[in-house]
Amino acid sequence: MTDLWAPDGLHFTRTRCFRGTEELVGRVTEAHDQFVGGQGLLFRTGGAPVDHDGALAFNWVMTPKDRGDTVLAIGFDVVLLDDGGRIAADYQFNEPPASSADLDGQAGRYLATTTAEPAHREKDVAELYLPGARLVDESGMHEGPDAVAAALAAGGARHLGGSASAQHDALRYPWRDAEGARGVDFLLRDEKGLVREHHRFTGAGQRSA
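Residues numbered from 1 in each chain as written. Predicted model: local features only at pLDDT ≥ 70, side-chain atom pairs only at ≥ 80, totals over all residues. Heavy atoms only, no water.

1. Let's talk about unusual backbone geometry
Residue P96 is reached from E95 by a cis peptide bond, and omega for that bond is -10 degrees. Inspection of the secondary structure assignment puts P96 in the loop between strand 7 (87-95) and helix 2 (101-112). For D53, which is not glycine, the phi torsion reads 45 degrees and is therefore positive. With respect to the helices and strands, the residue D53 is situated in the loop between strand 4 (50-52) and strand 5 (55-64). Residue classification places D53 among the partly exposed residues on the basis of a relative accessible area of 49%. (Helix = DSSP H or I, 4+ residues; strand = E, 2+ residues; numbered from the N terminus. Buried < 20%, exposed > 50% of the residue type's maximum accessible area, 1.4 Å probe, protein only.)

Listed below in structure tokens is the structure:
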């Protein structure tokens, strides 16, 4: 556990938060006893992970041990690593998320920046992001309002590709573009709802059996 997680690592589910080695060991033990030891279920990846600059996104599936093609549950995790490569935070989402008009509307506002005129985009970024916010995608890290706005423009138009979901300080939503590419955006926000980190995982969320 100490090789994998930072000493003060965090694990978030929709309703719970676990911090530090002792709580994380308890969380893993609880899940193992309930699902693996108690019911004989298996957990495995549900598609190719997508990673960049200390962040990793992947689907997982839960199946019966003897019927691997029978999917009982699907999840989606975003893992953020510290400078030593250990897990600093793990956000676990359930799939599919419950539909929420409010969350979808929030996601839509972020996605609208990809099609806005330059002046409007800059205004939207100033309203939605903290001054020191950063956007991280496959092309690298973009820090500050001008760099974030430029990265959003360079990425091209994107539209909501499913229901958004949120937990604690995180908002996650799937998207698609005009060429059919898909991915997931993962945003960390402060107590006022302003974005401090925006991770774009192109190709994530495309689960395979």
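There's plenty left to go through after this.
2. A few points about helix 2
Its 12 residues place the ends of helix 2 16 Å apart at the C-alpha level, agreeing with the 16 Å of an ideal helix rising 1.5 Å per residue. Where helix 2 is concerned, the buried positions are L103, D104, A107, Y110 and L111. One face of helix 2 carries all of its buried residues, which in axial projection span an arc of 115 degrees. In helix 2, those exposed residues whose orientation departs by more than 90 degrees from the buried face are A101 and D102. (Expected span 1.5 Å × (residues − 1). Arc of directions from axis to C-beta.)

3. Examining a nonpolar patch on the surface
Residues M1, V25 and V28 make up a contiguous nonpolar surface patch of roughly 220 Å² in combined accessible area. In this structure, V25 sits in helix 1 (residues 20-37). (Patch = residues over 30% accessible without salt bridge, like charges linked within 9 Å, V, L, I, M, F, W, Y side chains within 5 Å. Areas by Shrake-Rupley, 256 points an atom, 1.4 Å probe, with all protein chains shown as cover. Salt bridge = Lys/Arg side-chain N within 4 Å of Asp/Glu carboxyl O.)

4. Some remarks on helix 4 (residues 145-154)
Along helix 4, the positions that sit buried rather than exposed are V148, A149, A151 and L152. One side of helix 4 holds all its buried residues, which, seen down the axis, span an arc of 160 degrees. Of the exposed residues in helix 4, the ones pointing more than 90 degrees away from its buried face are D146 and A154. Among the structural elements, helix 3 (118-128), strand 8 (129-137), strand 9 (140-143) and strand 14 (195-202) are those in contact with the buried residues of helix 4. Looking one or two residues beyond helix 4, the residue adopting positive phi is G156, at roughly 80 degrees. (Contact = heavy atoms within 4.5 Å.)

5. Examining the pairing of strand 7
The sheet contact formed by strand 1 (residues 5-12) and strand 7 spans four bridges and is parallel. Paired with F12 across the two strands is Y91, which belongs to strand 7. If you look at the hairpin formed by strand 6 (residues 73-81) and strand 7, you'll find five residues sitting between the two strands, and G85 has a positive phi there, around 85 degrees. (Pairing = 2+ DSSP bridges.)

6. Considerations on the pattern of salt bridges
With the rule as written, the count across this model stands at eight salt bridges. Linking R86 and D82 is a salt bridge whose minimum nitrogen-to-oxygen distance equals 3.9 Å. For R86, a relative accessible area of 29% corresponds to the partly exposed category. Overall, D82 belongs to the partly exposed group, its relative accessible area being 24%. Between D169 and R196 there is a salt bridge, with its nearest N and O atoms 2.6 Å apart. Note that D169 is positioned in the loop between strand 11 (165-167) and strand 12 (170-177) and R196 in strand 14, a separation of 27 residues in sequence. Of the residues examined, D169 reaches a relative accessible area of 21% and is grouped as partly exposed.

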